[in-house]
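Here is how the chains run, residue by residue.
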Amino acid sequence: MRVLIVDDHPLTRDGVRAGLADGRTTVLQAGDTASAFRSLEHDRPHVLIADLRLGGEDGVEFIQKVVQGFPDVRILVVSQASLSDVVRAIRSGAHGYVSKSAPTAELQRAVAAVLDGPVVPPELAVQLVREFQQRPGLTPREREVLRALARGYDNQEIACELAISVRTVNRHLESIRDKLGTRRRSELIRIARAHHTG
C-alpha cells in the first residue's frame, strides 16, 4: 500500500511515517499542496493523509481538488483542526478523521480501515448528528427512504420496499441531500445510523 502524508511540519511527517513503517507500506511525503499533487500524479498513492492546516493554504479546498482530480484516492484527515473544520472536510470528500493526538496504533487502524469504508470517531459522529438536528426536517417519506438507505438498500431495492418508482426515489434522495447538505451516499448512511433512523 502507498500512503502520502501532506503536512507542512517535517517532524509530524517523520512521526507519521515512522508509525506506519511496517514493511508493507510505502510512505511518501509532501510539505505543501504543489508537492502533493506531483506525488498524486506520479506515485498514485492509495491513501492520502492530510492536515487541514497547511501553512497559508486551505486544507479543505485542497481536499476538494484531490477528490475532483483523483477520485480513487482515500483521504484521511489527521489534524488538530476544530471539529467544524473536520466536518467541512468530510462534506468535501474526505473519508475519515483521526486527531493528531491519537496514539500510533489508532492511526494504523484508521489507515487500514479507510481503504474499505469511512472512519468516523465518536466525537465526529456527535458533531454530524448535531448538524443533522439543525437541518430542515425531513418528510415522513424521506425518512423512510433514509431508513432503507441506512439498511444498505440500493435505489431499486428502496423503490421495491416502498412501492414507488426509482425516479421517485431519486427525487427523494435529492431532497434529502439538499436538506442534509451532503452529496455523498456514504455520509447519508452514517448520519442516518447515528440519528437512529434505522
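Residues numbered from 1 in each chain as written. Predicted model: local features only at pLDDT ≥ 70, side-chain atom pairs only at ≥ 80, totals over all residues. Heavy atoms only, no water.

Per an unreviewed UniProt entry, the protein chain is named DNA-binding response regulator, and its organism is Kibdelosporangium aridum.

Remark: helix H2 (residues 33-43) packs on helix H3 (residues 59-69), axes separated minimally by 12 Å, with the N-to-C direction vectors making an angle of 20°. Accordingly, the angle class assigned to the pair H2 and H3 is roughly parallel. Crossing geometry of H2 relative to H3 is assigned as right-handed. In this structure, H2 uses Thr33, Ala36, Phe37 and Leu40 to contact H3, whose residues at the interface are Phe62, Lys65 and Val66. Taken together, the residues that form the contact of H2 with H3 break down as five nonpolar, one polar and one charged. (Axes fitted to C-alpha atoms, helices over the stretch in contact; angles between N-to-C directions. Helix = DSSP H or I, 4+ residues; strand = E, 2+ residues; numbered from the N terminus. Parallel < 35°, antiparallel > 145°, perpendicular 65-115°, else oblique. Left-handed = near helix turned anticlockwise from the far one by under 90°. Contact = heavy atoms within 4.5 Å. Nonpolar A, V, L, I, M, F, W, Y, C, P; charged D, E, K, R; others polar.)

Its place among the elements puts His95 in the loop between helix H4 (83-91) and strand E7 (96-99). Leave out the neighbours within four places in its chain, and His95 touches Val73, Arg74, Ile75, Ile90, Val114, Gly117, Pro118, Val119 and Arg184.

On to helix H7 (residues 140-150), then. Residues of H7 that are buried: Glu142, Val145, Leu146, Ala148, Leu149 and Ala150. In the segment just after H7, Gly152 is the residue with positive phi, at about 95°. (Buried < 20%, exposed > 50% of the residue type's maximum accessible area, 1.4 Å probe, protein only.)

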